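Fold and geometry: a report
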Amino acid sequence: MKQRVWSFVLAVIMLAGLLGGCGNKGPKIKEYGQKPPLEQLAWGMSQEEALKALKLTEEDVTISGREHVNNMSLEGDMELSGITGKVSIQFLESAGDEELELGLYSVTLSPNEQDLDAIAAILNEKLGSQGQKNGETTIWSTDAEKISGLTETWKDSLKDQVDKDGEIEDKDSFTNVILSKTAKDKSRVVYFGKASAYSVALQKQAG
């Protein structure tokens, strides 16, 4: 009798393992860098995935585009890293020689505050480090793991894409926060995760 019971238990365990394997939706993607400032989002998300994560529809936002980039502006003021202003999210449809689908690669905050020194002081506190200032631009590298330190099999592909991308060629950080002035002399904070989006896209491609 005991043998029958154990045979039944073993069969249930094996079945559960098979069902668990069927539910596997592919390789787990390793995320590098700091997550976007909106906690529901992840670098590399499509526009549709971002809308769903934010529980919004296209009617709730304003979408515009240029070349391969789509810009999604959210309604009303929001607070990111202790700074209040208008928020927009940028998506890149394709990039690089391999026409990678990058998806979400940056989040832009247009602060109500225009004093760059005041904004930098808040970001220094919230981000836990001193930004590196170059003229009117200040940059915070917001992840400890560096691109140059990767050991994964796809690292050469990532470095090749990063080296060719003019926006991130001089950065070794997967994510950065960039404070600057716009052409219209308005303050702007960009949460920049393009290298992280590249890493997600390349891992999906390899998987």
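So, here's what we can say about the structure.

According to the stated counting rule, one finds six salt bridges in the structure shown. In this structure, the salt-bridge partner of D77 is K86, at a minimum N-O distance of 3.4 Å. Since its relative accessible area comes to 45%, K86 is described here as partly exposed. Shared partners join several salt bridges into a network, and the residues in it are D165, E167 and K194.

With that settled, consider the nonpolar core. Grouped together as the largest cluster of nonpolar side chains are 28 residues, with contacts concentrated most on I89 and L123. Going through the elements one at a time, α2 (47–53), β2 (69–80), β3 (83–92), β4 (103–111), α3 (116–127), β7 (176–181) and β8 (187–192) are the ones with two or more residues in this core. Excluding residues that lie within four positions of it along the chain, I89 makes contacts with L38, L41, L54, N70, N71, M72, L74, L104, S106 and V107. Counting residues in each nonpolar core, the second largest holds 20 residues, with Y32, F174, I178 and L202 among its members.

This part is about the pairing of strand β6 (residues 137–141). By the alternation rule, side chains of β6 split into T138 and W140, which are all buried, and T137, I139 and S141, of which none is buried. In this sheet, β6 lies alongside strand β5 (residues 132–134) in antiparallel orientation, the contact comprising three bridges. Of the residues in β6, the one forming a bridge with K133 is T138. With antiparallel pairing between neighbouring strands as the criterion, β5 and β6 make up a hairpin whose turn holds two residues, including G135 at a positive phi of roughly 70°. Looking at chain direction, β6 and β7 are connected through four bridges and run antiparallel. Its bridge partner being in β7, T138 is matched across the sheet by L179.

What follows concerns the environment of A50. Residue position: A50 is located in helix α2. A relative accessible area of 0% means that A50 is categorised as buried. Distance from A50 to G103, taken between C-alpha atoms, is 9.5 Å for residues 53 residues apart in sequence. Setting aside residues no more than four positions away along its own chain, A50 makes contact with L41, M45, M72 and F91.

Let us now look at the packing of aromatic side chains. Following the criterion strictly, the structure yields two aromatic pairs and no others. With centroids separated by 4.8 Å and ring planes inclined at 15°, the aromatic side chains of Y32 and F174 adopt a geometry described as stacked. Of this pair, Y32 sits in the loop between α1 (2–22) and α2 while F174 is found in the loop between α4 (155–164) and β7, placing the two residues 142 residues apart along the sequence. F174 sits in the buried class, given a relative accessible area of 1%. With a centroid separation of 6.4 Å and an interplanar angle of 80°, the aromatic rings of Y105 and F192 are classed as edge-to-face.

Turning our eyes to something else, we now look at the layout of surface pockets. In this structure, the largest pocket encloses a volume near 610 Å³. Counting only elements with at least two residues in the lining of the largest pocket, the list comes to β1 (62–66), β2, β3, β4, β7 and β8. Of the residues in the lining of the largest pocket, the class split is six nonpolar, 14 polar and six charged. Estimated volume of the second largest pocket: approximately 210 Å³. Lining the second largest pocket are K28, I29, E31, A42, W43, G44, M45, E49, V200 and K204. Across the lining of the second largest pocket, the residue classes tally to five nonpolar, one polar and four charged.

Further remarks concern the sheet that holds β6. Spatially, eight strands are ordered β1-β2-β3-β4-β8-β7-β6-β5 in an open sheet, and the strand pairing comes out antiparallel. Two strands bound the open sheet, and with one partner strand each, they are β1 and β5. The mean inter-strand angle of the sheet, taken between neighbouring strand axes irrespective of direction, is 25°. Where α3 meets the sheet, it contacts β3, β4, β5, β6, β7 and β8, and its direction lies at approximately 170° from that of β7.

Conventions we followed
Residues numbered from 1 in each chain as written. Predicted model: local features only at pLDDT ≥ 70, side-chain atom pairs only at ≥ 80, totals over all residues. Heavy atoms only, no water. Salt bridge = Lys/Arg side-chain N within 4 Å of Asp/Glu carboxyl O. Buried < 20%, exposed > 50% of the residue type's maximum accessible area, 1.4 Å probe, protein only. Core = buried A, V, L, I, M, F, W, Y, C linked by side-chain atoms within 4.5 Å. Helix = DSSP H or I, 4+ residues; strand = E, 2+ residues; numbered from the N terminus. Contact = heavy atoms within 4.5 Å. Pairing = 2+ DSSP bridges. Phe/Tyr/Trp six-rings, centres within 6.5 Å; stacked < 30°, edge-to-face > 60°. 1 Å grid on protein atoms, 1.4 Å probe; cavity = no way out; pocket = protein on both sides within 12 Å on 5 of 7 lines; lining within 4 Å. Points joined across faces, edges and corners; volume = space filled by probe spheres on them. Nonpolar A, V, L, I, M, F, W, Y, C, P; charged D, E, K, R; others polar. Axes fitted to C-alpha atoms, helices over the stretch in contact; angles between N-to-C directions.

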